[in-house]
Structure formats: C-alpha cells, structure tokens
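# Per-entry structural report
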Amino acid sequence: MRDFDYIRPATIPDAIAAAAEPGSAYLAGGTNLLDLMKGGITSPERIVDISRLPELNRIERLDGGGLRIGALVRNADLAHDPAFAKSYPAVAEALLSGASAQLRNAATVGGNLLQRTRCSYFYDTASACNRRQPGAGCDALGGENRLHAVLGWSDACIATHPSDFCVPLVALDAVVEIEGKKGRRHVTLEEFHRLPGETPQRENALEPGDLIVAVRLPAEAASFSANARYLKVRERTSYAFAVVSAAAALVVDGGKIRAARLALGGVAAKPWRARTAEAVLLGADASEATFASAADAALADASPSGDNAFKIELARRIVVRALMSALSGTPERLPALPASPFSNIPGARHDA
Amino acid sequence: MTSLPITLTINGHKHELEVDPRVTLLDLLRERLDLTGTKKGCDRGQCGACTVLVDGKRINSCLALAVSHDGAQVLTIEGVAHGEELHPVQAAFIAHDGFQCGFCTPGQIMSTLGLIAEGQAGDDPERIREGLSGNICRCAAYGGIVEAVLEAQQQLVKADRRTAA
C-alpha cells in the first residue's frame with residue numbers, strides 16, 4: 001500500500017478543509033477503501049479519518065415525521081434499530097442482505113452510498129477501465145460481462161452500482177445531506193449517483209472536500225411500512241452482491257394501489273428508480289397482472305451490454321415477485337435469509 | 001511516514017504503541033504483538049479468518065487500520081478462554097468437530113461470540129448459517145460448526161438465566 005498522511009480532524013470544517021486538497025480520501029468504516037488501497041485501485045496521498053466526528057452517528061426523528069440518519073451510523077446498528085426496522089422494513093431487509101455481519105458492523109451509511117463498483121475489470125489494474133483511468137477503454141465490453149448493466153450503460157462503462165441499501169432508499173425518496181466548502185446542501189439520492197455517459201469516473205454529485213453528513217427519509221417513506229419488501233437474487237445464498245434486486249413498497253386500499261414505489265439494484269451504475277412502473281401501478285388493481293405490466297414498463301428501456309440479456313427477464317420476474325411479496329404484507333420479523341427468494345420457514349434449510 | 005502513537009486494550013492488557021498508519025489491526029496483532037491466533041486468509045474482508053471483537057463487535061481486522069482504532073478494546077482468540085478452562089464456544093467446537101484443518105476456527109469462534117452477543121439468531125440453524133456467512137471454511141465443517149453454535153448458544157442462555165436468578 002502506498003504511503004499516506006493520516007489526519008484525524010476534530011470538526012467537520014477541519015475535515016472538509018483537509019479533504020479538499022488533491023489526493024485526499026475520507027476514511028470511515030474503511031471496508032471498501034482499504035480493499036481498494038491494498039489492490040492499488042486507489043492510492044490516496046492523504047487519509048482524512050472521520051470515523052470519530054461526534055455529530056455524525058445519530059439517528060434523529062425530524063419535526064414533521066421524517067428521519068435523519070447520520071453518515072457514520074453503522075449498517076448493522078441501523079438495520080437492528082427496532083424503530084427504524086419497523087418504519088422502513090425494506091431498508092432494514094436490504095441492509096441485512098448485504099455483505100457479512102462483520103462488514104455490516106464496520107461499514108457506514110455514507111460509505112455505503114460511496115462504495116465503488118465490483119466490476120472485475122475496475123478491480124484489475126492490468127485491465128482497461130475508463131472509470132479507474134479515464135480514456136483507457138473498457139475491457140468489460142466484450143469481456144466477462146454477464147453480471148453487468150442492462151439499463152443506463154454507455155460504451156464507456158457497463159459497470160453496476162453494488163449497493164443494496166440504496167435501492168429501497170431511492171424508492172423512498174431519500175435525500176443526501178452534503179457539507180462542503182460552500183456550506184450544506186441537499187441532493188436527492190436519485191440525482192446523487194450518475195450514469196456513466198462519457199465520464200464514468202464522475203460517479204456522483206460530490207465535489208472535492210464534500211462530506212456526506214446524513215441521509216434523510218421524508219415522512220411519507222414510513223407510510224409504506226405495512227407493505228414493503230426487498231428481494232435480491234444472488235449467485236450464492238448469502239454474502240454476495242445482487243445479480244438483480246428490487247425494492248417494492250405499496251399502499252393498498254380496497255384492492256387498489258393508492259401509492260407505489262419501485263427501484264431496482266444490480267442493473268445500472270446507480271440504484272434505479274422505476275418511475276414509469278410506478279405510474280402503471282398507481283390507481284390500478286393490486287394484482288399479478290398489474291405487476292407484470294409494471295415490470296414490463298420498468299425494463300422497457302433495458303438492453304444487454306454483453307452476455308447478460310438474461311438479467312432483463314430475471315429483473316422482470318424479480319419485480320413481479322417483490323411486488324407480490326409487498327402486497328402480501330411485511331412480515332412481523334425479517335426472514336432468516338433477508339431478501340432471499342429461497343425458503344424462509346424458521347428452522348428449515350433453504351436448500352431442503 | 002512517521003509513526004503515530006496509539007493505545008489499544010487487547011485481551012484486557014493495555015498497549016501503548018507507535019504504528020505506521022498503513023498497518024492494519026490484523027498485522028499489528030500478528031507481527032508486532034505475536035498474537036498469531038488471529039489468521040490472515042484473504043486479507044481483503046472476504047474470508048473472515050481475521051475476525052476479532054472491537055468494542056464488543058465482530059469486524060474483519062484486515063480491513064481496519066490500527067491507527068483508526070486508537071483507544072479501542074480488542075478481544076482476540078487468545079483472550080477467550082479463562083486460563084486453562086475453555087470458553088463454552090471453544091468447547092462446543094471441539095465436541096461437535098466444528099473444524100478440520102483449524103485455520104478458520106479462531107475467526108469462526110470470534111464470529112460466533114459476536115453472533116451470540118448480537119442476539120439475532122437464537123437457536124434457529126438457518127439464522128446461524130446466515131449470521132456466520134462471513135466466515136468461510138474451506139474444509140466445509142459447516143455442519144459441525146452450526147451444531148457447536150447451537151449448543152454454545154443454549155449453554156450461554158442457561159448460564160445467563162442462572163446469573164439472573
């Protein structure tokens with residue numbers, strides 16, 4: 001690992017000033033950053049350790065019913081907070097379907113948003129990658145790309161965003177609270193991550209020195225708590241990134257859908273809000289036929305970026321199943337295998 | 001880079017150390033403090049062999065900079081037994097053949113201590129398997145590991161009840 005200066009600022013303004021210098025990187029949980037540094041994928045000259053900034057580790061209820069989650073709240077602490085899990089069950093389920101217990105104990109809310117793609121060509125410094133080295137080309141195009149993007153990709157980059165947490169968050173209109181040199185601003189999570197276009201190295205809305213200080217959920221996000229699920233297909237039962245995932249949240253009254261939220265994971269360089277599908281759902285009968293129409297709408301613009309056409313049909317089926325699961329109601333307790341399409345009967349083997 | 005001073009309490013003993021900021025908690029334990037029970041498997045957070053408890057929570061010590069954990073309480077496999085008396089989790093791993101080559105075992109046991117403390121899995125084998133999915137066993141001793149965790153969990157719950165009564 002390349003040598004670096006280590007700074008542990010005591011305040012947010014000190015942190016921003018230090019991180020605004022070229023070659024700086026913030027360190028919080030470190031679960032992705034240290035991995036990237038060991039592999040030589042990123043080589044910061046200066047590490048700004050924010051893990052002890054005191055204001056950033058709180059979960060606060062806001063006047064008017066919203067929630068503000070500090071950027072340093074650990075993934076496990078958030079998922080296991082009883083009040084949080086009750087109000088935002090799909091978010092808790094997504095968190096617990098990601099990574100391992102050890103990683104969830106270290107990884108933070110802000111770091112989850114900023115984790116890098118797991119495209120193997122991004123990770124392999126001998127391969128061409130426009131995201132890692134602008135202008136170098138993309139070895140994923142024409143390479144091993146069955147897990148790559150089917151929505152929003154470009155010829156410059158076909159990588160996906162790996163987060164589970166961000167998928168229900170974007171569905172629930174989460175807002176990212178950012179502090180920078182010019183003060184504090186709010187960016188919707190939907191606008192926070194960028195599609196690659198010609199500049200895949202520009203992954204999000206952050207400017208040098210910008211620090212994510214919190215993620216906010218608006219009051220309405222809790223109105224879906226009775227019918228909200230996250231569903232994630234993996235290549236093994238646990239501890240794997242999504243091949244395709246979906247967050248579905250409904251408000252149903254008298255068999256009609258009064259409000260609907262839908263987002264997809266593992267399909268694009270950002271968590272993918274499926275607004276056209278939500279328009280199909282709104283006001284329609286809460287039925288499998290409606291859900292199938294919504295799934296078609298969600299994937300209408302999808303196209304394979306390589307050997308991954310199967311992901312489009314898989315995503316349709318996952319959308320329908322996530323909506324069916326949401327319709328049947330949020331379970332009292334999260335299943336043994338959160339977000340898994342396999343058996344969730346207590347005590348039963350998933351592969352029995 | 002100059003070394004930085006940190007203090008760590010490891011298995012109840014306070015250590016005042018000067019560390020290169022690049023040193024992970026794992027390398028500090030193994031290379032500086034001769035606590036080689038904590039294993040280096042993948043060194044990338046994928047295998048769980050390096051699992052330790054930091055301030056009571058299980059983490060991958062390979063993905064933790066020692067300098068960032070200044071002031072922390074660390075528990076490694078060397079601090080689990082009481083003298084010659086094995087911890088119930090250690091004894092259960094032996095009783096149920098919860099290992100073959102043993103390389104992943106310190107990580108499995110530290111992860112089990114974290115799992116039981118978290119209190120989310122209870123005695124549901126599926127929840128135990130899911131809760132330990134961050135610990136890979138290439139000998140595939142998983143059947144014995146789950147039996148060991150079940151027994152240890154039941155013993156520790158009973159012991160807790162006795163203490164409470």
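Remember, predicted model here, so these are calculated numbers, not experimental data.

### Notes on the interface of chain A and chain B
- Contacts between chain A and chain B engage 29 residues on the former and 30 residues on the latter.
- Those elements giving two or more residues to the side of chain A that touches chain B turn out to be α2 (33–38), β3 (46–49) and α6 (101–106) of chain A.
- Broken down by element, the side of chain A that touches chain B gets its largest block of residues, five residues, from α6(A).

### So, the confidence of the model for chain B
- Across chain B, the average pLDDT comes to 96, with 99% of residues at 70 or higher.
- Of the two predicted TM-score estimates for the complex, the pTM is 0.97 and the ipTM is 0.97.

### Let's talk about the domain arrangement of chain B
Residues and elements named next belong to chain B.
- Each assigned domain of chain B is listed with its residue range as follows: domain 1 (4–79) and domain 2 (88–164).
- Computed from C-alpha atoms alone, the centre-to-centre distance between domain 1 and domain 2 is 21 Å.
- On the side of domain 2, 13 residues touch domain 1, which itself brings 14 residues to the contact.
- For the side of domain 1 that touches domain 2, the secondary-structure elements that each account for two or more residues are β3 (51–54) and β4 (57–60).
- In terms of residue count, the dominant contributor to the side of domain 1 that touches domain 2 is β3 (three residues).

### Considerations on the environment of B:Leu25
All names here are of chain B.
- Within the secondary structure layout, Leu25 lies in helix α1 (residues 25–32).
- On the neighbour-count criterion, Leu25 (28 C-beta atoms within 10 Å) is buried.
- Here the alpha-carbon distance between Leu25 and Leu63, two residues 38 residues apart in the chain, equals 7.9 Å.
- For Leu25, the contacting residues outside a window of four places in its chain are Ser61, Ala64, Ala66 and His69.

### A look at the nonpolar core
Residues and elements named next belong to chain A.
- In this structure, Ala247, Ala249, Leu262, Leu264, Ala294 and Val319 are the most contacted members of the largest nonpolar core, which totals 160 residues.
- For this core, the element with the most residues is helix α13 (residues 310–328), which contributes seven residues.
- Apart from residues no more than four positions distant in its own chain, Leu262 is found in contact with Ala171, Ala246, Ala248, Ala274, Ala277, Glu278, Ala294, Ala298 and Val319.

### A few points about the sheet that holds strand β9 (residues 228–233) of chain A
All names here are of chain A.
- Judged by pairing direction, the sheet is antiparallel, and its four strands sit side by side in the order β9-β10-β11-β12 without closing on themselves. Whereas interior strands pair on both sides, the edge strands pair on one side only; in this sheet they are β9 and β12 (272–273).
- Sheet strands touched by helix α5 (residues 89–96): β9 and β10 (244–253). Its angle to β9, the strand with the most contacts, is close to 25°.
- Lying over the sheet, α13 contacts β9, β10 and β11 (256–265), oriented at roughly 35° with respect to β10.

### Remarks on the domain arrangement of chain A
Residues and elements named next belong to chain A.
- With domains assigned, chain A is organised as domain 1 (5–52), domain 2 (54–114 + 161–221) and domain 3 (224–328).
- Taking only C-alpha atoms into account, the centre of domain 2 sits 20 Å from that of domain 3.
- Every contact between the two is made by 26 residues of domain 2 and, on the other side, 22 residues of domain 3.
- When residues of the side of domain 2 that touches domain 3 are traced back to their parent elements, those giving at least two are α4 (82–87), α5 and α9 (166–171).
- Per-element tally for the side of domain 2 that touches domain 3: the top contributor is α9, with five residues.
- For the side of domain 2 that touches domain 3, the residue count by class is 15 nonpolar, six polar and five charged.

### Concerning the pairing of β4(B)
All names here are of chain B.
- When β3 meets β4, the two strands line up antiparallel, connected through four bridges. Within β4, the position partnered with Val54 by the bridge is Lys57.
- A loop of two residues connects β3 with β4, the two strands running antiparallel in sequence, and Asp55 in this loop sits at a positive phi of about 50°.

Quick notes on the rules
Residues numbered from 1 in each chain as written. Chains lettered and ligands numbered in written order. Predicted model: local features only at pLDDT ≥ 70, side-chain atom pairs only at ≥ 80, totals over all residues. Contact = placed C-beta atoms within 7 Å. Helix = DSSP H or I, 4+ residues; strand = E, 2+ residues; numbered from the N terminus. pLDDT = per-residue confidence, 0-100. Domains from an automatic or database assignment. Buried ≥ 20, exposed ≤ 12 C-beta atoms within 10 Å, placed from the backbone. Core = buried A, V, L, I, M, F, W, Y, C linked by C-beta atoms within 7 Å. Pairing = 2+ DSSP bridges. Axes fitted to C-alpha atoms, helices over the stretch in contact; angles between N-to-C directions. Nonpolar A, V, L, I, M, F, W, Y, C, P; charged D, E, K, R; others polar.

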